[in-house]
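Chain residues, written in single-letter form:
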Amino acid sequence: MEDEAQIRKLYRDYWQYMIEKNADGLRSLMGEDYTLRHMTGVEQSGEVFLRGLLDGTFNYRSAEHDSIEVTLCGDTARMTGKSRVTASVYGGGWHRWRLRGDFTLRKEKGVWKLTGSRASTYY
């Protein structure tokens, strides 16, 4: 599978694992230095985010992907995914969000890993 296709699959797997609350699956996609910046501006390590996913702070019901754009630069890449996500976060009710994820990635031993992400919305 070519690099761009692998990265697009990684994005789809990321959301499926979020919906399933599959922490091991998500860990398999993340580099050790992975950080996530939420829409609120809060930045968390991968492990802190996973604790929030498992303890019910972050809940995801569905994700429909509108676009996944990939830019390669050797063993690094940038990806922007736009998805309509049904989520309940920080104790709020279920809402449908148009979430944009801007990701950085690095190829480690032939496998693409997420190194960072920043969440925002899109229209």
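Coordinates for the structure precede this section.
If you're wondering where the values come from, they're calculated on a predicted model, not measured in any experiment.

Q: Whenever I open this one, the side chain of N59 confuses me. Can you help?
A: Looking at where N59 falls in the secondary structure, it is placed in strand 3 (residues 58–73). By relative accessible area, which is 16% here, N59 ends up buried. A distance of 2.9 Å separates the side chain of N59 from the side chain of K21, its partner in a polar contact. Ignoring any residue separated from it by four or fewer positions in sequence, one finds N59 in contact with K21, T86, A87, S88, V89 and W94.

Q: Explanation requested: helix 1 (residues 3–20) in the structure shown.
A: Three or four residues apart is the spacing at which side chains of an α-helix point the same way, because the helix has 3.6 residues per turn. Between its first and last C-alpha, helix 1 extends 25 Å over 18 residues, near the 26 Å set by a 1.5 Å rise per residue. Buried within helix 1 are the following residues: I7, L10, Y11, D13, Y14, W15 and M18. One or two residues past the end of helix 1 sits K21, with phi positive at roughly 55°.

Q: I'm lost on unusual backbone geometry in this one. Help?
A: What is expected of a backbone is that most residues other than glycine have negative phi and most peptide bonds are trans. The phi torsion at K21 lies on the positive side, around 55°, for a residue other than glycine. A positive phi angle, near 50°, is found at Y90, a position not held by glycine. Taking the relative accessible area as the measure of exposure, Y90 reaches 47% and is therefore partly exposed.

The rules behind the values
Residues numbered from 1 in each chain as written. Predicted model: local features only at pLDDT ≥ 70, side-chain atom pairs only at ≥ 80, totals over all residues. Heavy atoms only, no water. Helix = DSSP H or I, 4+ residues; strand = E, 2+ residues; numbered from the N terminus. Buried < 20%, exposed > 50% of the residue type's maximum accessible area, 1.4 Å probe, protein only. Polar contact = N/O pair within 3.5 Å; in protein donor to acceptor, adjacent residues only side chain to side chain. Contact = heavy atoms within 4.5 Å. Expected span 1.5 Å × (residues − 1).

Just geometry here; none of it tells us what the structure is for.
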